[in-house]
Structure formats: structure tokens, C-alpha cells
Amino acid sequence: MIKIKFLHQYNILDEYFVNADVTDVKIFEGRTTLRKFIASMLSYYPWWIIGLYRIRKLLVRLLGLVNHQAPDALPDLQPQDVSFTPGENVTFFIVRCAEEERFWMSEAPEDNHLKAYFGVVREPVTDSVNRFYVITTIYYKHWTGPVYFNLIRPFHHLVVSRMARHGIRHSTGVGR
């Protein structure tokens, strides 16, 4: 896995990869900072994601999962709203470890079927261009974990890719 090789230079992040059941890394490049990228990415909330939350509610009932309240709308985060302090929340994510302009790793809210981490690592490409590794790792806690994740897997790829593209476009001022 060449794309993960760069990530291993940050030993502090190893605990979020070791023995993970699923590791997904997507790579994007843009002329923006880590903080601006995360703020724009986590502000992406189009109408069709609301529909996906409704479908998730059905799965939650069928599989007996924790029912997290879907937000009516996500805030329009500004870069200064993105905390790099472990234990603090950014939208519904809990910051686990972060270092300004290097990496940001968070945990999704507690569930009984899986534990999920979401993060971004920045790699400078040139003086003005950065490469962002958008990471999701999943640890299954119950038989419902792989059932649930494999049902939502295609949507996961779609949502994360769209969020990251939004993060690149809107944090650089393109499209606003």
C-alpha cells in the first residue's frame, strides 16, 4: 500500500491503523491549508446526504444499532472552528490527536457495532500545493459491524470523495 507508506512516518497515528478491519485512504491535492480543508470538507451537507441518513435509520432499527441523531444541517465551519485539541468536538467528531498543518485524527461517536476513525494527513507537494490523505479506519466490535459497513460501503466512498472535493474547491475560494 504505497499511499499508506507516507502516513507511517507519523508513529503517533499507528494506533489508528494497527489491526483495523477496514482502512480507506483517499488522496486529494489542492492549494489550501489543512485547517481550511477540514473546515470546508466537514461543512459539506447536500440534500442527498439527508436522504442517506434516513436510510441509515432503517438499518439502525433492523440491526439494533445505536441511533445517533442526524443533524438538520451541519454548520458552515470556518477554519478557526476546527479544533486541534484532543477531546474536543468538531461537528460530531471527537478529536483524538492532531498537529497543526500536519495531521488531524478524530473518532466518530460511540457505537455498539464498530469503532470508526476519520482523519486527514497533509503532505506538502510544492510551496503552494498540499496533498491530503483522507483516512477512514474501522474496527468491528460485533457481527453487525461488517454487515452494516458493507451495506453502506458504496455510500461511504461517495460521501468521503464528495466531501474532500468540496474541501479542496471551497477552501481555496473556487466555487464560492
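Keep in mind that what you see is a predicted model, and the values were worked out from it rather than measured.

1. Some remarks on the overall build of the protein chain
Across its full length, the protein chain holds four helices and six strands. What you see in the protein chain, going N to C, is helices and strands ordered as α-β-α-α-β-β-β-β-β-α. By the burial criterion, 48% of the 176 residues in the protein chain qualify as buried. Sequence separation of 24 or more characterises 63% of the internal contacts of the protein chain that already satisfy a separation of 6 or more. On the protein chain, roughly 9,200 Å² of surface is accessible, and the fraction owed to carbon and sulfur atoms is 55%.

2. Points about the environment of Ile-55
Looking at the secondary structure, you find Ile-55 in helix α3 (residues 47-63). Along the chain, Ile-55 and Ile-152 lie 97 residues apart, while their C-alpha atoms are 9.8 Å from each other.

3. Some points on the sheet that holds strand β2 (residues 89-90)
Read from one edge to the other, the open sheet built from six strands follows the order β1-β6-β5-β4-β3-β2, with strand pairing classed as antiparallel. Among the strands making up the open sheet, the edge pair consists of β1 (22-30) and β2. Sitting on the sheet, helix α2 (residues 34-41) is in contact with β3 (93-99), β4 (103-107), β5 (114-124) and β6 (130-140), with an inclination near 140 degrees to β5. Sheet strands in contact with helix α4 (residues 144-171) are β1, β5 and β6, and its direction is about 10 degrees off that of β1.

4. With respect to the environment of Tyr-44
Take Tyr-44: it is sitting in the loop between α2 and α3. Looking at Tyr-44, the relative accessible area reads 13%, which means it is buried. It is 9.6 Å that separates the C-alpha atoms of Tyr-44 and Arg-165, two residues lying 121 residues apart in sequence.

5. A word on a nonpolar patch on the surface
Together, Trp-143, Val-147 and Leu-151 give the surface a local cluster of nonpolar side chains, amounting to about 320 Å² of exposed area. Mapping Val-147 onto the fold places it in helix α4. For Val-147, a relative accessible area of 34% puts it in the partly exposed group.

6. Observations concerning the nonpolar core
Here is a general trend for soluble globular proteins: nonpolar side chains tend to be buried in one another's company. Core analysis: the biggest nonpolar cluster contains 32 residues, and Leu-42, Trp-104, Phe-118 and Val-134 have the highest contact counts within it. Elements with a contribution of two residues or more to this core: β1, α2, β3, β5, β6 and α4. The element contributing the most residues to this core is α4, with seven residues. Apart from the residues within four sequence positions on either side, Phe-118 is in contact with Met-41, Leu-42, Phe-93, Trp-104, Met-105, Ser-106, Val-134, Ile-135, Thr-136, Val-160 and Met-163. Judged by nonpolar contacts, the second largest core, of 14 residues, contains Val-25, Val-121, Tyr-133 and Tyr-139.

7. Observations regarding the pattern of salt bridges
Side chains that differ in charge, positive against negative, can pair when their charged atoms come close. Overall, the coordinates contain nine salt bridges when judged by the stated rule. Two residues, Arg-102 and Glu-99, come together in a salt bridge whose shortest N-O distance is 2.5 Å. Classification of Glu-99 by relative accessible area gives partly exposed; the value is 32%. Counted as one network, the salt bridges with shared partners bring together Glu-29, Glu-123 and Arg-131.

Calculation notes
- Residues numbered from 1 in each chain as written.
- Predicted model: local features only at pLDDT ≥ 70, side-chain atom pairs only at ≥ 80, totals over all residues.
- Heavy atoms only, no water.
- Helix = DSSP H or I, 4+ residues; strand = E, 2+ residues; numbered from the N terminus.
- Buried < 20%, exposed > 50% of the residue type's maximum accessible area, 1.4 Å probe, protein only.
- Contact = heavy atoms within 4.5 Å.
- Areas by Shrake-Rupley, 256 points an atom, 1.4 Å probe, with all protein chains shown as cover.
- Pairing = 2+ DSSP bridges.
- Axes fitted to C-alpha atoms, helices over the stretch in contact; angles between N-to-C directions.
- Patch = residues over 30% accessible without salt bridge, like charges linked within 9 Å, V, L, I, M, F, W, Y side chains within 5 Å.
- Salt bridge = Lys/Arg side-chain N within 4 Å of Asp/Glu carboxyl O.
- Core = buried A, V, L, I, M, F, W, Y, C linked by side-chain atoms within 4.5 Å.

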